[in-house]
Amino acid sequence: MTTEAATIGLTHGGSEDTGLGHRGPESKSIVVPYGFWLFVLSDMILFSALFATYATLVNATDGGPTTNQLFDRNLVAIETMALLLSSFTCGLAMIAAKRKNMLWTQGWLIVTGLLGAVFLFIELYEFATMIGEGAGPQRSAFLSAFFTLVGCHGAHVTAGLLWIGTMMAQIWAKGFREHIIRRLLCLSVFWHALDIIWVAIFTIVYLIGTLP
Amino acid sequence: MTDNEDNLLDVAPGIPHSNIVSETGAYVIGLALAVILTGVSFWVASTSTLWGPGVAVGLVVLAIAQMGVHLVFFLHITSGPDNTNNVLALAFGVLIVFLVMIGTIWIMSHMDANMAPDPVMMNLQMQH
């Protein structure tokens, strides 16, 4: 070990130094979720651009409905609780999956998916009501920005729901193999990240938008 | 894999390393803190006892606090040496997010203030 370290230390970037340390590259169970973590962070940067657009256009209502007239805090409170609880149950599913417990893993995953579906259903109801009142995305720059930001989050939740269903089928068919656990871990990182973005949405869009 | 081995290796985001009671406990604490922060946010937004102009700032602070709770208790981002890569990536992400958001809002509000109001907009403002 010491001779090996000394050799690498002396080569200064020579052919023997891989730049990966003495242990070599990390295992796939570290590298894959780390890469996915980078994707999630870049996704948050995408959302930051949408938030910046929304903040810029929030007062550009073109004489149409404003934030105070459109948003219903009670609906938002239910949405927030549904998504927060689904984040919690997603964590419980991961704890069960780590112990290779089929029943609890599938159970918590389906609860996670159902809570996500409740969130999505309320969001679609809100969108449908707004469009029905003539407050669709084409009404004003503010509403375009609103539907882009909140709709993009909703699209992520939809993708997450499909992913949860896929993972339930994969766990059922293939069991708790290493690569299945890895995918499940990426799913949980994705799902928790969606809840973090929702915290920003309910604060900036809904709560600050409905201040008296 | 033993706990000892766990401590030596790097950890991917989302992986806690301990027994089932403390793992579940961490999620319960995280959920409780998140519910409290959400509740306070909704209360702050609807009460009239607080100083009006400070409410929006307070809400943003509460939101950032809740994001921190999610990162620590749900995504298990820690300050430990096994988490250095995750934290560095997160720090870079947060830097870009703040640059994009604060930079845009700052520049666009100045452009808005410097823009000469056109007659149509003036009329709209008169009507209010």
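Values in this document were obtained by computation on a predicted structure and should not be read as measured data. (Residues numbered from 1 in each chain as written. Chains lettered and ligands numbered in written order. Predicted model: local features only at pLDDT ≥ 70, side-chain atom pairs only at ≥ 80, totals over all residues.)

> Hey, could you run me through the overall build of chain A in this one?
Of regular secondary structure, chain A possesses 7 helices and 0 strands. Across chain A, helices and strands are ordered from the amino to the carboxyl terminus as α-α-α-α-α-α-α. Taken over 212 residues, chain A has a buried fraction of 38%. In chain A, 80% of the contacts between residues at least 6 apart in sequence involve partners at least 24 apart. (Helix = DSSP H or I, 4+ residues; strand = E, 2+ residues; numbered from the N terminus. Buried ≥ 20, exposed ≤ 12 C-beta atoms within 10 Å, placed from the backbone. Contact = placed C-beta atoms within 7 Å.)

> Looking at this model, I keep getting lost on the overall build of chain B. Mind explaining?
When you go through chain B residue by residue, the secondary structure sums to 5 helices and 0 strands. Secondary structure elements of chain B occur, N-terminal to C-terminal, as α-α-α-α-α. Burial statistics for chain B: of 128 residues in total, 23% are counted as buried. Pairs at least 24 apart in sequence give 57% of the contacts found in chain B among residues at least 6 apart.

> Would you mind going over unusual backbone geometry with me for this structure?
Both trends apply: most residues other than glycine have a negative phi, and most peptide bonds are in trans. Backbone geometry places Asp62 of chain A, a non-glycine residue, at a positive phi of 55 degrees. Among the secondary structure elements, Asp62 of chain A is positioned in the loop between helix 2 (28-57) and helix 3 (67-70). In this structure, His76 of chain B takes a positive phi of about 55 degrees despite not being glycine. Assignment of secondary structure puts His76 of chain B in the loop between helix 3 (52-74) and helix 4 (84-114).

> I keep staring at helix 6 (residues 141-174) of chain A and nothing clicks. Help me out?
Every α-helix carries 3.6 residues per turn, so stepping three or four residues along brings you back to the same face. Residues and elements named next belong to chain A. Counted at 1.5 Å a residue, the expected span for helix 6 with its 34 residues is 50 Å, and the 48 Å between its end C-alpha atoms agrees. Among all positions in helix 6, only Phe142, Leu143, Ala145, Phe146, Leu149, Val150, His153, Val157, Gly160, Ile164, Met167 and Ile171 are buried. Summarising the contacts, the buried residues of helix 6 are in contact with helix 2, helix 5 (102-132) and helix 7 (178-207). After helix 6 finishes, the residue Gly175 shows a positive phi value of roughly 80 degrees. (Expected span 1.5 Å × (residues − 1).)

> Can you walk me through the interface of chain A and chain B in this structure?
Interface size is commonly expressed as the accessible surface area that is lost when the partners come together. In this assembly, 40 residues from chain A lie in contact with 39 residues from chain B. At the level of elements, helix 2, helix 4 (73-98) and helix 7 of chain A are the ones that each hand at least two residues to the side of chain A that touches chain B. Broken down by element, the side of chain A that touches chain B gets its largest block of residues, 15 residues, from helix 2 of chain A. Partitioning the side of chain A that touches chain B into residue classes produces 25 nonpolar, 11 polar and 4 charged. (Nonpolar A, V, L, I, M, F, W, Y, C, P; charged D, E, K, R; others polar.)

> Help me out: how do you make sense of the confidence of the model for chain B in this one?
Close inspection of predicted coordinates is inappropriate for parts of the model with low pLDDT. Residues and elements named next belong to chain B. Averaged over every residue, the pLDDT of chain B is 82; the share at 70 or more is 76%. In the model of chain B, helix 1 (residues 3-8) stands out as the element of lowest mean pLDDT, 45, in contrast to helix 3, which has the highest, 93. Counted against residues more than four places away or in other chains, residues 1-8, with its pLDDT under 50, gives 3 contacts. Reported confidences for the modelled complex are a pTM of 0.84 and an ipTM of 0.83. (pLDDT = per-residue confidence, 0-100.)

> Even after reading the chapter, I still don't get the nonpolar core, so can you show me in this structure?
Soluble, globular proteins show a tendency: their nonpolar side chains are buried together. Phe51, Leu149, Val189, Ile197, Ile201 and Val205 of chain A are the most contacted members of the largest nonpolar core, which has 75 residues in total. At the level of secondary structure, the elements contributing two or more residues to this core comprise helix 2, helix 4, helix 5, helix 6 and helix 7 of chain A together with helix 2 (20-46), helix 3 and helix 4 of chain B. With residues up to four places along the chain from it excluded, the contact list for Phe51 of chain A reads Leu149, Ala200 and Ile204 of chain A together with Met101 of chain B. (Core = buried A, V, L, I, M, F, W, Y, C linked by C-beta atoms within 7 Å.)

> Please clarify how the packing of helix 5 of chain A against helix 6 of chain A should be interpreted in this entry.
What describes two packed helices is the angle between their axes and the distance between those same axes. All names here are of chain A. The interhelical angle for the contact between helix 5 and helix 6, taken along N-to-C directions, is 160 degrees, at an axis separation of 10 Å. The angle between the axes of helix 5 and helix 6 places the two elements in the roughly antiparallel class. Between helix 5 and helix 6 the crossing geometry is left-handed. Here Thr105, Gln106, Leu109, Ile110, Thr112, Gly113, Gly116, Ala117, Phe119, Leu120 and Glu123 of helix 5 come into contact with helix 6, specifically with Gly154, Val157, Thr158, Gly160, Leu161, Ile164, Gly165, Met167, Met168 and Ile171. A per-class count over the contact of helix 5 with helix 6 returns 11 nonpolar, 9 polar and 1 charged. (Axes fitted to C-alpha atoms, helices over the stretch in contact; angles between N-to-C directions. Parallel < 35°, antiparallel > 145°, perpendicular 65-115°, else oblique. Left-handed = near helix turned anticlockwise from the far one by under 90°.)

> When you look at helix 7 of chain A in this model, what are you seeing that I'm missing?
The end-to-end C-alpha distance of helix 7 of chain A, which contains 30 residues, comes to 42 Å, matching closely the 44 Å that a straight helix rising 1.5 Å per residue would cover. The largest bend along helix 7 of chain A reaches roughly 25 degrees and is located at Ile201 of chain A. (Bend = angle between axes of the 7 residues up to and from the residue.)

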